[in-house]
Amino acid sequence: MHMKLRTIVILLCILPALPAHAQQKQFGYLDYRSTITAMPEYAEAENSLKKMQEDFRKENERSENDFHRQYIEYLHTQKQLSETILRKRQKELQLLYDSNIEFNRMAKEALQTERKRLMKPIEDKLKNAIRNVGRELGLDYIIDSDGGSYLYIDTLKSIDITGFVKERLANEEKSKQN
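Keep in mind the model is a prediction, meaning the values are calculated, not measured. (Residues numbered from 1 in each chain as written. Predicted model: local features only at pLDDT ≥ 70, side-chain atom pairs only at ≥ 80, totals over all residues. Heavy atoms only, no water.)

Enquirer: Please clarify how the overall build of the chain should be interpreted in this entry.
Expert: From N to C terminus, the chain includes five helices and three strands. Written out in order from the N terminus, the α and β elements of the chain read α-β-α-α-α-β-β-α. Burial statistics for the chain: of 178 residues in total, 24% are counted as buried. Of all intrachain contacts in the chain linking residues separated by at least 6 positions in sequence, the fraction that spans at least 24 positions is 83%. With the model as given, the accessible surface of the chain reaches about 12800 Å², and the carbon-plus-sulfur share is 55%. (Helix = DSSP H or I, 4+ residues; strand = E, 2+ residues; numbered from the N terminus. Buried < 20%, exposed > 50% of the residue type's maximum accessible area, 1.4 Å probe, protein only. Contact = heavy atoms within 4.5 Å. Areas by Shrake-Rupley, 256 points an atom, 1.4 Å probe, with all protein chains shown as cover.)

Enquirer: For this particular structure, what's the right way to read the side chain of Asn-60?
Expert: Relative to the assigned elements, Asn-60 resides in helix H3 (residues 40-77). Here the side chain of Asn-60 touches Asn-104 through a polar contact of 3.4 Å, side chain to side chain. (Polar contact = N/O pair within 3.5 Å; in protein donor to acceptor, adjacent residues only side chain to side chain.)

Enquirer: Would you explain helix H4 (residues 83-136) in this entry?
Expert: One full turn of an α-helix is made of 3.6 residues, so residues set three or four places apart face in the same direction. In this model H4 runs 79 Å from its N-terminal to its C-terminal C-alpha over 54 residues, within 8% of the 80 Å that 1.5 Å per residue would give. Helix geometry: H4 is bent most strongly at Met-119, by close to 35°, with proline Pro-121 lying one to four residues after it. Looking one or two residues beyond H4, the residue adopting positive phi is Gly-138, at roughly 70°. (Expected span 1.5 Å × (residues − 1). Bend = angle between axes of the 7 residues up to and from the residue.)

Enquirer: Help me out: how do you make sense of the confidence of the model for the chain in this one?
Expert: Detail in the predicted coordinates should be disregarded across regions flagged by low pLDDT. For the chain, the mean per-residue pLDDT works out to 86, and 84% of the residues sit at or above 70. Within the model, pLDDT remains below 50 along residues 17-22, and this stretch shows one contact once partners closer than five positions in the same chain are excluded. (pLDDT = per-residue confidence, 0-100.)

Enquirer: Teacher, can you tell me more about the pattern of salt bridges here?
Expert: Think of it this way: side chains of opposite charge can pair up when their charged atoms draw near. Overall, the coordinates contain 16 salt bridges when judged by the stated rule. Arg-168 is the salt-bridge partner of Glu-172, the closest N and O atoms lying 4.0 Å from each other. Residue Glu-172 and its partner Arg-168 are located together in helix H5 (residues 162-177), separated by four residues, close to a single helical turn. Residues joined by salt bridges that share partners form a network here, namely Glu-41, Lys-125 and Glu-173. (Salt bridge = Lys/Arg side-chain N within 4 Å of Asp/Glu carboxyl O.)

Enquirer: When you look at the packing of aromatic side chains in this model, what are you seeing that I'm missing?
Expert: Both the distance between ring centres and the angle between the ring planes are used here to describe each pair of aromatic rings. Applying the stated criterion across every chain yields a total of five aromatic pairs. Judged by centre distance (6.1 Å) and plane angle (10°), the rings of Phe-67 and Tyr-71 are stacked. Of this pair, Phe-67 and Tyr-71 both sit in helix H3, four residues apart, which is roughly one turn of that helix. On the basis of relative accessibility, which here comes to 35%, the residue Tyr-71 falls in the partly exposed class. Taking 5.9 Å as the distance between ring centres and 50° as the angle between the ring planes, the aromatic pair formed by Phe-67 and Tyr-97 counts as tilted. Highlighted residues: Phe-67 in helix H3 and Tyr-97 in helix H4, separated in sequence by 30 residues. These aromatic residues form a ring-pair network of at least three members: Phe-67, Tyr-71, Tyr-74 and Tyr-97. (Phe/Tyr/Trp six-rings, centres within 6.5 Å; stacked < 30°, edge-to-face > 60°.)

Enquirer: Sorry if this is basic, but what is going on with a nonpolar patch on the surface here?
Expert: Together, Tyr-71, Ile-72 and Leu-75 line one region of the surface with nonpolar side chains, adding up to about 230 Å² of accessible area. In this structure Ile-72 comes out as partly exposed when scored by relative accessible area, which is 31%. (Patch = residues over 30% accessible without salt bridge, like charges linked within 9 Å, V, L, I, M, F, W, Y side chains within 5 Å.)

Listed below in structure tokens is the structure:
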């Protein structure tokens with residue numbers, strides 16, 4: 001984000017020094033976040049990730065309950081156990097505890113990997129639509145107005161392409177269905 005801001009500041013400093021004909025650049029902007037979240041594929045990906053997350057949550061809860069049950073049993077019986085059995089049970093509890101920690105780490109990684117896998121084609125589709133709309137409208141630059149990395153957008157000298165991109169995506173979806 002810092003790099004984007006620096007690039008924009010440099011661009012704004014250079015633009016006044018360019019000849020008048022070179023300053024006729026066309027800018028567009030869109031709200032990337034609202035555009036991607038409006039895509040049906042995004043909702044499908046989010047639902048898939050929520051289901052996966054819920055499955056992991058249930059498994060984690062089951063494991064924690066097992067650990068808790070065994071720990072309570074250990075506390076109630078520890079005074080009656082021999083030293084050898086006591087150490088064995090302690091090791092079992094430690095292994096179960098370590099296993100739960102490892103499962104949580106693996107679940108987090110699996111969710112991140114799945115998010116990347118599901119979102120890549122959606123982001124590629126959106127970027128392609130943005131690029132095509134930008135070309136059709138003769139734009140030189142398109143800025144994400146959602147990110148907050150811009151200092152100023154003159155809406156009189158630039159074009160909000162959010163609606164155009166959403167329309168293009170909807171038309172692509174309709175043509176797929178026909």
